[in-house]
Structure formats: C-alpha cells, structure tokens
Amino acid sequence: MAPALWLAVLMTLAARFFMKKRPAALSLYAQAAINFVVSATVLALGLWLWGDDGKMVTYSAMALLCASSQWLMRRAWQP
C-alpha cells in the first residue's frame, strides 16, 4: 500500500501547488485520505484481477483514478 499512500499525498500537495485559483472543497487531510482509499482500492483490484502485484496497468489506473478524484474534490470543472 506504500505506492497508494505516496501517490495520495503527492497528488494532494501537487493540486495545491498547480491549482492555486481553485478553492479546496475539503481539508488537506481529507483529500489525502480520499485519494488513499481510491488508490488502495485500485491496487487491491489489480492484485485480485491479475494475481500479481506491480503491474503497470494497475499503476496507470491508480494514477488516473487518483487524479480524477482530486479533480472532483477541487471542483475543477467550475470556472
């Protein structure tokens, strides 16, 4: 679960740095926790589906879904 934790924390901090004009919908800890749950779920599903840990497809899906959840939490679709 270490990749999920690192990605969750780094994605939350990067969003604060790159999306300065967007108000945060949740606190920093809540965003990191939600990103961790999403990332850990994707890692568990990848392990269950392929029976092997560390597939690049799983890591790509983890990054994509974590970024999507961060985008939703920062309300990036609003002007």
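Quick summary incoming for the structure in this document. (Residues numbered from 1 in each chain as written. Predicted model: local features only at pLDDT ≥ 70, side-chain atom pairs only at ≥ 80, totals over all residues. Heavy atoms only, no water.)

1. Concerning helix H1 (residues 2-18)
Stage number 1. Here H1 contains 17 residues, and its C-alpha end-to-end distance of 24 Å stays within 8% of the 24 Å for a straight helix at 1.5 Å per residue.
Stage number 2. Every buried residue of H1 is listed here: Ala4, Leu7, Ala8, Met11, Thr12 and Ala15. Take H1 and look down its axis: the buried residues cluster within an arc of 125°, on one side only. Residues of H1 that are exposed and point more than 90 degrees away from the buried face comprise Trp6 and Phe17.
Stage number 3. Where H1 is buried, its residues contact helix H2 (28-50) and helix H3 (56-73). (Helix = DSSP H or I, 4+ residues; strand = E, 2+ residues; numbered from the N terminus. Expected span 1.5 Å × (residues − 1). Buried < 20%, exposed > 50% of the residue type's maximum accessible area, 1.4 Å probe, protein only. Arc of directions from axis to C-beta. Contact = heavy atoms within 4.5 Å.)

2. Here we look at the side chain of Ser69
Stage number 1. Position of Ser69 relative to the elements: it lies in helix H3.
Stage number 2. For Ser69, a relative accessible area of 11% puts it in the buried group.
Stage number 3. Leaving out residues up to four positions away in the same chain, Ser69 has contacts with Asn35 and Val38.

3. Description of a nonpolar patch on the surface
Stage number 1. Taken together, the side chains of Leu45, Trp48, Leu49, Trp50 and Val57 present a nonpolar region at the surface, about 610 Å² in accessible area.
Stage number 2. Residue contributions to the nonpolar patch peak at four residues, all from H2.
Stage number 3. Here Val57 shows up in helix H3. (Patch = residues over 30% accessible without salt bridge, like charges linked within 9 Å, V, L, I, M, F, W, Y side chains within 5 Å. Areas by Shrake-Rupley, 256 points an atom, 1.4 Å probe, with all protein chains shown as cover. Salt bridge = Lys/Arg side-chain N within 4 Å of Asp/Glu carboxyl O.)

4. Observations concerning the nonpolar core
Stage number 1. By size, the foremost hydrophobic cluster in this structure holds eight residues: Ala4, Leu7, Met11, Ala40, Val42, Leu43, Met62 and Cys66.
Stage number 2. When contributions to this core are tallied by element, the ones reaching two or more residues are H1, H2 and H3.
Stage number 3. If sequence neighbours within four positions are ignored, Ala40 has contacts with Met1 and Ala4. (Core = buried A, V, L, I, M, F, W, Y, C linked by side-chain atoms within 4.5 Å.)

Just geometry here; none of it tells us what the structure is for.
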